[in-house]
Amino acid sequence: MKQFLTWQTNFLGAFILIIFLNNAKTQVVSNEVTKPWYENLPAVAMDYKVHIDAGKEDCYHQYVQPGATFYVSFSVVRGGDGMAGFAVRNPHGQIVKPYQWQATADYTDEVSPGGYYSVCIDNQFSRFAGKLVNIYITVVKYDAWDKYAKEIEELQLNMNNFTTTIGTVERNINDMLAYQYHSRNREAIDFALLLDNNTYIQTFSICQIFVILVTCSVQVLFVRKLFNVKDNSRSRI
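Sequence positions are assigned chain by chain, starting from 1 and proceeding in written order. With pLDDT at 70 or above as the cut-off, local features in this predicted model cover only qualifying residues; side-chain atom pairs require 80 or more to be listed or tallied, and sums for whole chains, interfaces and linings still use all residues. With hydrogens and water stripped out, all remaining heavy atoms of the structure feed into the side-chain values.

(A) Spotlight on the overall build of the chain. Looking only at helices and strands, one finds three helices and eight strands in the chain. In the chain, the order of α-helices and β-strands from amino to carboxyl end is α-β-β-β-β-β-β-β-β-α-α. Any two residues whose heavy atoms approach within 4.5 Å are treated as being in contact. Put simply, 77% of the contacts in the chain that link residues at least 6 apart link residues at least 24 apart. Per-residue accessibility takes into account occlusion by the displayed protein chains alone, with areas from the Shrake-Rupley method and a 1.4 Å probe. Accessible surface for the chain amounts to roughly 18800 Å². Of this, 61% is attributable to carbon and sulfur atoms. The secondary structure listing takes helices from DSSP runs of H or I that are at least 4 residues long and strands from runs of E that are at least 2 residues long, numbered from the N terminus.

See below:
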């Protein structure tokens, strides 16, 4: 009985451990899925044109890497008085760009703490006119650019390698142009042959139709003459 309880306890512990590992794996996969695709890029630039209905407010969220520079600008393209309300909140929920009713505005955070910034556009004061607003957002991580520059230096790229690469590309382009020229030449030859065959077939068909019509006409004429009977008898008085 004691061995049975020990086996049952070990089985229960293993089952709990498996559930814990599955939950941890699911959480890791979930974190990987929700991770922004552009997180490892050194710079991201986005340009949006959004329509804000009258009396409405829309907010947009942008992820910024820690230590990156965040920049956003707003401008009203058309609609109503040409102005709207703009506000920006940092990842901590603090309003870093106070709400103002104006035609254009911008905000820059040189060193971001990292997280999602909220960009809000308010059109509540306009009760009848919608607004078309242009939003430009950039996220630049300058230390990543320095890292890429060092990697290029380590690869020891020089002008000779660049010239060789350009020469290879130029030769490949010339080969492709030559192939395209031969392809177009063959296409032109085939098209000319197609036109000649079409003309020949049309001419031959018209000639055959004419010969058939003439033959049929002659045959009908001679057949009618065979059945033509002349009445030479004279009437008696």
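Here the narrative resumes.
(B) Seen up close, the pairing of strand β5 (residues 95-102). Direction of pairing for strand β4 (residues 84-89) relative to β5: antiparallel, over a ladder of five bridges. Its bridge partner lying in β5, F86 is registered against Q100. Think of it this way: DSSP has to see at least two bridges between two strands before they count as a pair. Here β4 hands over to β5 after five residues, with G93 in that stretch at a positive phi of 85 degrees.

(C) Structural context of the UniProt feature "transmembrane region" (unreviewed entry) in the chain. UniProt positions are given in the numbering used here, feature names are shortened, and annotations may be inferred rather than shown by experiment. Mapped onto the present numbering, the UniProt feature "transmembrane region" (unreviewed entry) falls on residues 209-227. Taken end to end, residues 209-227 is 95% helix and 0% strand, and its first and last C-alpha atoms sit 28 Å apart.

(D) Seen up close, the pattern of salt bridges. We define a salt bridge as a side-chain nitrogen of Lys or Arg found within 4 Å of a carboxyl oxygen belonging to Asp or Glu. If you walk through the whole model with that rule in mind, you get one salt bridge. When the shortest N-O distance is used, the salt bridge between D81 and K131 registers 3.2 Å. Placement of D81 in the loop between β3 (69-78) and β4 and of K131 in strand β8 (residues 131-140) is noted, with a sequence separation of 50 residues between them. Buried residues are those whose accessible area, probed at 1.4 Å on protein chains only, stays under 20% of the maximum for their type, while exposed residues exceed 50% and partly exposed ones sit between those limits. Residue classification places D81 among the partly exposed residues on the basis of a relative accessible area of 48%.

(E) Just the packing of aromatic side chains, in detail. Any Phe, Tyr or Trp ring, taking Trp's six-membered ring, that has another such ring centre within 6.5 Å forms a pair; planes under 30 degrees apart are called stacked, those over 60 apart edge-to-face, and the others tilted. Here the structure, examined in full by the defined rule, presents six aromatic pairs. Ring geometry for Y71 against Y136: centres 6.5 Å apart, planes inclined by 65 degrees, an arrangement best described as edge-to-face. Residue Y71 is located in strand β3, and its partner Y136 is located in strand β8; the two are separated by 65 residues in the primary sequence. Residue class for Y71 comes out partly exposed when judged on its relative accessible area of 24%. A ring is scored as having a charge over it whenever the NZ atom of a lysine or the CZ atom of an arginine sits within 6 Å of its centre and within 35 degrees of its normal. If you follow K225 out to its NZ or CZ, it ends over the ring of F222, 5.8 Å from the centre.

(F) Broad picture of the environment of I52. Position of I52 among the secondary structure elements: in strand β1 (residues 43-52). By relative accessible area, I52 is classed as buried at 0%. When the C-alpha positions of I52 and A129 are compared, they lie 9.1 Å apart, and in sequence the two are 77 residues distant. Those residues in contact with I52 that sit more than four places away from it in its chain are D58, Y60, I121, N123, G130, K131 and V133.

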